[in-house]
Amino acid sequence: VGSVRCVQETGINAEYMGIYLRQKEMTKGTTSQGERRKKNATFCRRCGKISYHKQRKRCSSCGYPEATLRRYNWAKKAVRRRTTGTGRMRYLKDIPRKLKNGFKEFSQAKRVKQRGKGKSKPEVKAVSYTHLRAHETREDLVCRLLLEKKKK
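Residues numbered from 1 in each chain as written. Predicted model: local features only at pLDDT ≥ 70, side-chain atom pairs only at ≥ 80, totals over all residues. Heavy atoms only, no water.

**Some points on the overall build of the protein**
Here is step 1: Across its full length, the protein holds 5 helices and 3 strands.
Here is step 2: Each helix and strand of the protein, ordered N terminal to C terminal, gives the series α-β-β-β-α-α-α-α.
Here is step 3: Burial statistics for the protein: of 152 residues in total, 8% are counted as buried.
Here is step 4: The contacts in the protein between residues at least 6 apart in sequence include a share of 1% that link residues at least 24 apart.
Here is step 5: Total accessible area on the protein is roughly 15800 Å²; 54% of this is exposed by carbon and sulfur atoms. (Helix = DSSP H or I, 4+ residues; strand = E, 2+ residues; numbered from the N terminus. Buried < 20%, exposed > 50% of the residue type's maximum accessible area, 1.4 Å probe, protein only. Contact = heavy atoms within 4.5 Å. Areas by Shrake-Rupley, 256 points an atom, 1.4 Å probe, with all protein chains shown as cover.)

**Quick notes on a positive patch on the surface**
Here is step 1: Taken together, the side chains of K49, K77, R80, R81 and R82 define a basic patch exposed on the protein surface.
Here is step 2: Within the secondary structure, R82 sits in the loop between α2 (76-81) and α3 (95-100). (Patch = residues over 30% accessible without salt bridge, like charges linked within 9 Å, V, L, I, M, F, W, Y side chains within 5 Å. Salt bridge = Lys/Arg side-chain N within 4 Å of Asp/Glu carboxyl O. Lys, Arg positive; Asp, Glu negative; His and termini not counted. Charge placed at Lys NZ, Arg CZ, Asp CG, Glu CD.)

**Some words on the sheet that holds strand β1 (residues 41-43)**
Strand pairing in a sheet relies on backbone hydrogen bonds, with the paired strands running either antiparallel or parallel.
Here is step 1: With respect to topology, 3 strands assemble into an open sheet ordered β1-β2-β3, the strand pairing being antiparallel. In this open sheet, the two edge strands, each paired with only one partner strand, are β1 and β3 (58-59).
Here is step 2: The sheet contact formed by strand β2 (residues 50-53) and β3 spans 2 bridges and is antiparallel. Note that in β3 the partner of Y52 across the bridge is C59. (Pairing = 2+ DSSP bridges.)

**Examining the packing of aromatic side chains**
Here is step 1: A full pass over the atoms with the stated rule returns 2 aromatic pairs.
Here is step 2: Ring centres of Y52 and Y64 lie 6.1 Å apart, and the angle between their planes is 55°; this geometry places the pair in the tilted category. A residue pair is termed long-range when its members are at least 10 positions apart, and Y52 in strand β2 and Y64 in the loop between β3 and α2 qualify at 12 residues.
Here is step 3: A residue is classified by how much of its surface remains accessible, and Y64, at 22% relative accessible area, is partly exposed.
Here is step 4: Pairing Y72 with W74 gives two aromatic rings, centres 5.4 Å apart and planes at 15°, and the pair type is stacked.
Here is step 5: Take Y72: its relative accessible area is 39%, and that puts it in the partly exposed class. (Phe/Tyr/Trp six-rings, centres within 6.5 Å; stacked < 30°, edge-to-face > 60°.)

**Here's the deal with the pairing of β2**
Here is step 1: Pairing between β1 and β2: 3 bridges, direction antiparallel. Paired with A41 across the two strands is H53, which belongs to β2.
Here is step 2: From the end of β2 to the start of β3, which pair antiparallel, there are 4 residues, and K57 there has a positive phi angle of about 55°.

**Comments concerning the side chain of H53**
Here is step 1: The residue H53 is located in strand β2 in this model.
Here is step 2: A distance of 3.3 Å separates a polar atom in the side chain of H53 from the backbone nitrogen of Q55.
Here is step 3: Excluding residues that lie within four positions of it along the chain, H53 makes contacts with N40, A41 and R58. (Polar contact = N/O pair within 3.5 Å; in protein donor to acceptor, adjacent residues only side chain to side chain.)

**A short note on the confidence of the model for the protein**
If pLDDT is low for a region, its predicted coordinates should not be looked at in detail.
Here is step 1: In this model, the protein carries a mean pLDDT of 80, and residues with pLDDT of at least 70 account for 77%.
Here is step 2: The lowest-confidence element of the protein is helix α1 (residues 2-10), averaging 56 in pLDDT; the highest-confidence one is β3, averaging 98. (pLDDT = per-residue confidence, 0-100.)

**Concerning unusual backbone geometry**
Glycine aside, residues mostly have negative phi angles, and peptide bonds mostly take the trans form.
Here is step 1: With an omega of 15°, the peptide bond running from Y64 to P65 counts as cis.
Here is step 2: Along the chain, P65 turns up in the loop between β3 and α2.
Here is step 3: A positive phi angle is found at F106, which is not glycine, with a value near 55°.
Here is step 4: As for its position among the elements, F106 is in the loop between α3 and α4 (129-134).
Here is step 5: The class of F106 is exposed, set by a relative accessible area of 86%.

Right under this line is the structure:
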């Protein structure tokens, strides 16, 4: 507003000078949505969200570059989303197995003895004739009928 008055007093044509003066609207609605082309946040290296502030150099989601992850108890759902067990658990997934074995280090696992000598054969369980008939396919049916004809 002050610059418009100054231009009017001096008598300089603002449009001729290449200056386009425009008053800022006092609304927050549709008129100010065209002003939103500047981006303050970019991708965070740690959490991958677009919440790393370029000027502040801090992620608003995870708190990067701080060592501890940003977390508040008033945001229960956010805490649940990124708690232990929701990621890869590269270290913790091995702990139950190590606990069962007594946290032994630098020891060789005991060999499990094979049954019998040489290669072990797969165990074949006997099943009833009606059980076989129940799981019979078309190919098996044709083969069975041909065998029965040969026997006669």
